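# Report on the structure
Each chain is listed here by its residues.
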Amino acid sequence: MHWADVIAAELLKRSDSHTIATGISPSGHIHLGNLREMVTADAIRRALVDAGGGAKIVYIADDFDPLRRRYPFLPEEYENYVGMPLCKIPDPEGCHNSYSEHFLQPFLESLEILGIPVEVCRAYQMYRDSLYEENTRIALRKRDEIARIIAEVTGRELEEDWYPFMPLCKNCGRINSAKVKSFDEKWVYYECECGYSGKVSYSGGGKLTWRVDWAARWQILKVTCEPFGKDHAAAGGSYDTGVRIAKEIFNYEPPYPVPYEWIHLKGKGAMKSSKGIVIPVREMVEVIPPEIVRYITIRVKPERHIEFDPGIGLLDLVEEFEEKFKEKDRSVELSLVGDVVYSDVPFRHLIVVGQIANWDLDKVLEIIERTGYRVDEIARKDVERRLKYAKKWIEKYAPDRIKFEIPENVSVDFSEEEERFLKVYAEKLQNNMSPEEIHTLVYDVSKELGIKPSKAFQAIYKAILGKTYGPRAGYFIKSLGVEWVKERIKAAL
RNA sequence: GGGCUCGUAGCUCAGCCAGGCAGAGCGACGGGCUUUUAACCCGUCGGUCGCGGGUUCAAAUCCCGUCGAGCCCGCCA
């Protein structure tokens, strides 16, 4: 049974309908590792729906959170914005209304492409809409109890004057430097490090501290299930405190937890926006088909670590997907987006053919037909779609080893042996030969002439590519067209 | 100090939730073929399921313990 179906079954024991919460922070480039949370949520959502339940995903963008520090990708003047809410900081590239929107927008676009429907909630808006008001009041009133819970769960004593609320200072604009002094039914009174003292309202004047905010959010949005990174899942971590705060302070049953492991970039370690080890999601969904991006996460249980290799490793993954597609594998089923169609043309073949045809669709289809695949409407549609990805992948992630270009003409010197081979080989090439026959012919001719096959292959590649190596010869020549190859050899000699 | 995950064939892993003949791919080996985009075809070999106990008619699977590896928490969120 697939992990998503197991979780769905577990959830359906509790209730027929579920709200799955996600909460990737828009504090920097949102990457594949972050995306695991979204894909995990969506796999569960689909499993619930498939099992006859109701489900939706809410995505809480915490744009009210302060900028923690100036990340390496930020200009120096952003030092001044540290401590201010993300939604109040200008876009470092000037293209959006705020810092948070700059990272949020491409992420939301990616979700669209990946077929992950979400209800977006921006934290600042939620606070301003008074959604947190009641929970904030309760939290302030019960701060001693909350402090006790946090102390018990984390083993960390909180300061005497601790409050579970961070006022947004009206003077300096920072949300992490003011201390609550007192509160009444309407206002929270504070003193800021900047020297300013003032009061703020419950609606948008500040936010609850993380561990309390999380628990409050569960209740406000009626969250019943939530995937989160293993950092939150550790003993004494925020889920543990959240559970007790939800139950004891807000009287709410905490959501079903789905902790997940990090995704590492092969050879580079964990993806961390702050360290610049990232492939932004928006970039990935341009290069890799959405069903494959989803499959990266869905094929593996959430608690297992993933090592992602966008290079040759991705090609293996795609091949595995193509194999499993034929078997109606559940992971594949949960990965497919919309009404995509798949033909039996392998991605690997598209990569070779695309390069030969210079990514021209009609030419590609012609070659695909010639190399023995049936080109019907489905294949046409499928090839058109995946060819674009093949091109992008070659440009972006493919190792040089599998890239090639066919030069206008080649000027290379052939040995007497090579010349002799090419002449005979070109003569014997027939238009109606299959790729296998073309391949075998290389061996036949070289045997006949007493030439080492390796020399023979080299001669062929030299004539076509000007290099001593290239794609598998039979398919390659068939793809290029036998007539063309014959002409090419004649011209090269 | 605490938590999570992993430990199954030489390698990468599936199987474990819900106990019922130990699995796949790759590699190795034999053969065919033999420069190839991580070649292909046929066949063979390959495991004390980390270790120790317990439950059971039956344990890779459940329970307890233990060893090893990785990560996370014990700053902030």
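Residues numbered from 1 in each chain as written. Chains lettered and ligands numbered in written order. Predicted model: local features only at pLDDT ≥ 70, side-chain atom pairs only at ≥ 80, totals over all residues. Heavy atoms only, no water.

## A short note on the overall build of chain A
- Per the secondary structure count, chain A includes 21 helices and 13 strands.
- The C-alpha atoms of chain A give a radius of gyration of 30 Å, which is well past the 23 Å a tight globule of 493 residues would have.
- Each principal axis of the C-alpha distribution contributes one length, and for chain A these read about 95 × 55 × 35 Å.
- Across the 493 residues in chain A, those meeting the buried criterion constitute 53%.
- For chain A, the exposed surface amounts to about 22500 Å²; the carbon and sulfur share of it is 47%.
- In chain A, which carries 71 positive and 79 negative side-chain charges, the distance between the mean positions of the two groups comes to 1 Å. (Helix = DSSP H or I, 4+ residues; strand = E, 2+ residues; numbered from the N terminus. Rg over C-alpha atoms; globule rule 2.2 N^0.38 Å. Buried < 20%, exposed > 50% of the residue type's maximum accessible area, 1.4 Å probe, protein only. Areas by Shrake-Rupley, 256 points an atom, 1.4 Å probe, with all protein chains shown as cover. Lys, Arg positive; Asp, Glu negative; His and termini not counted. Charge placed at Lys NZ, Arg CZ, Asp CG, Glu CD.)

## Topic: the packing of helix α12 (residues 312-326) against helix α14 (residues 347-356)
- Viewed as axis vectors pointing N to C, α12 and α14 meet at an angle of 125 degrees, and their least axial separation amounts to 9 Å. If you check the angle between α12 and α14, you find them oblique. Contacts between α12 and α14 involve Leu315, Asp316, Val318, Glu319 and Glu322 from the former and Phe347, Arg348 and Ile351 from the latter. (Axes fitted to C-alpha atoms, helices over the stretch in contact; angles between N-to-C directions. Parallel < 35°, antiparallel > 145°, perpendicular 65-115°, else oblique. Contact = heavy atoms within 4.5 Å.)

## A look at the nonpolar core
- Counting 107 residues, the largest nonpolar core has Leu35, Phe308, Phe421 and Tyr425 as its most contacted members.
- At nine residues, helix α2 (residues 32-50) tops the list of elements feeding residues into this core.
- Residues in contact with Leu35, not counting those within four places in the same chain, are Phe107, Leu111, Leu114, Val281 and Val293.
- With 50 residues, the next largest nonpolar core counts Ala21, Ala123, Ile149 and Ile175 among its residues. (Core = buried A, V, L, I, M, F, W, Y, C linked by side-chain atoms within 4.5 Å.)

## Here we look at helix α19 (residues 453-465)
- Over its 13 residues, α19 runs 18 Å from end to end, which matches the ideal 18 Å to within 8%, given 1.5 Å per residue.
- Residues of α19 that are buried: Ala456, Phe457, Ala459, Ile460, Tyr461, Lys462, Ala463, Ile464 and Leu465.
- Gly466 sits one or two residues past α19 and shows a positive phi near 75 degrees. (Expected span 1.5 Å × (residues − 1).)

## Description of the packing of aromatic side chains
- Within this structure, the stated rule accounts for 25 aromatic pairs.
- The ring of Tyr163 is capped by Arg143, whose NZ or CZ atom sits 4.3 Å from the centre of that ring. (Phe/Tyr/Trp six-rings, centres within 6.5 Å; stacked < 30°, edge-to-face > 60°. Lys NZ or Arg CZ within 6 Å of the ring centre and 35° of its normal.)

## Observations regarding the protein's contact with RNA strand B
- Taken together, the neighbourhood of RNA strand B is formed by 34 residues, with Lys230, Arg401, Pro453, Tyr461 and Arg472 sitting nearest.
- Sugar plus phosphate: this is where 68% of the atoms of RNA strand B within 4 Å of the protein reside.
- His439 places a side-chain nitrogen or oxygen 3.4 Å from a phosphate oxygen of RNA strand B.
- Of all the elements in the fold, those that place two or more residues in the surface near RNA strand B are α8 (230-233), α12, α18 (435-449) and α19.
- In terms of residue count, the dominant contributor to the surface near RNA strand B is α19 (five residues).
- Split into classes, the residues belonging to the surface near RNA strand B amount to 16 nonpolar, six polar and twelve charged. (Near = heavy atom within 4 Å. Polar contact = N/O pair within 3.5 Å; in protein donor to acceptor, adjacent residues only side chain to side chain. Nonpolar A, V, L, I, M, F, W, Y, C, P; charged D, E, K, R; others polar.)

## Focus on the pairing of strand β3 (residues 119-122)
- Bridge count for strand β2 (residues 54-61) against β3 is four bridges, and the pairing is parallel. Counterpart to Tyr59 in the pairing with β3 is Val120.
- Following the chain from β2 across helix α3 (residues 99-113) to the adjacent parallel β3, one finds a crossover that is right-handed. (Pairing = 2+ DSSP bridges. Right-handed = clockwise from strand over helix to strand, strands pointing away.)

## Concerning the sheet that holds strand β7 (residues 197-201)
- Taken together, three strands build an open sheet; the order of strands is β5-β6-β7 and the sheet is antiparallel. Of all strands in the sheet, those bounded by a partner on one side alone are β5 (178-183) and β7. Taken over all neighbouring pairs, the strand axes of this sheet differ in orientation by 35 degrees on average, direction set aside.
- Examined bridge by bridge, β5 and strand β6 (residues 187-192) share five bridges and lie antiparallel to one another. Across the sheet, the residue bridging to Lys179 is Glu191, located in β6.

## Section: the side chain of Thr209
- With respect to the helices and strands, the residue Thr209 is situated in the loop between β8 (206-208) and α7 (210-221).
- What Thr209 contacts, discounting residues up to four positions off in sequence, is Trp162, Tyr163, Pro164, Phe165 and Met166.

## Digging into the confidence of the model for chain A
- Of the residues in chain A, 97% reach a pLDDT of 70 or more, and the chain-wide mean stands at 88.
- This complex was scored by the predictor with a pTM of 0.90 and an ipTM of 0.81. (pLDDT = per-residue confidence, 0-100.)

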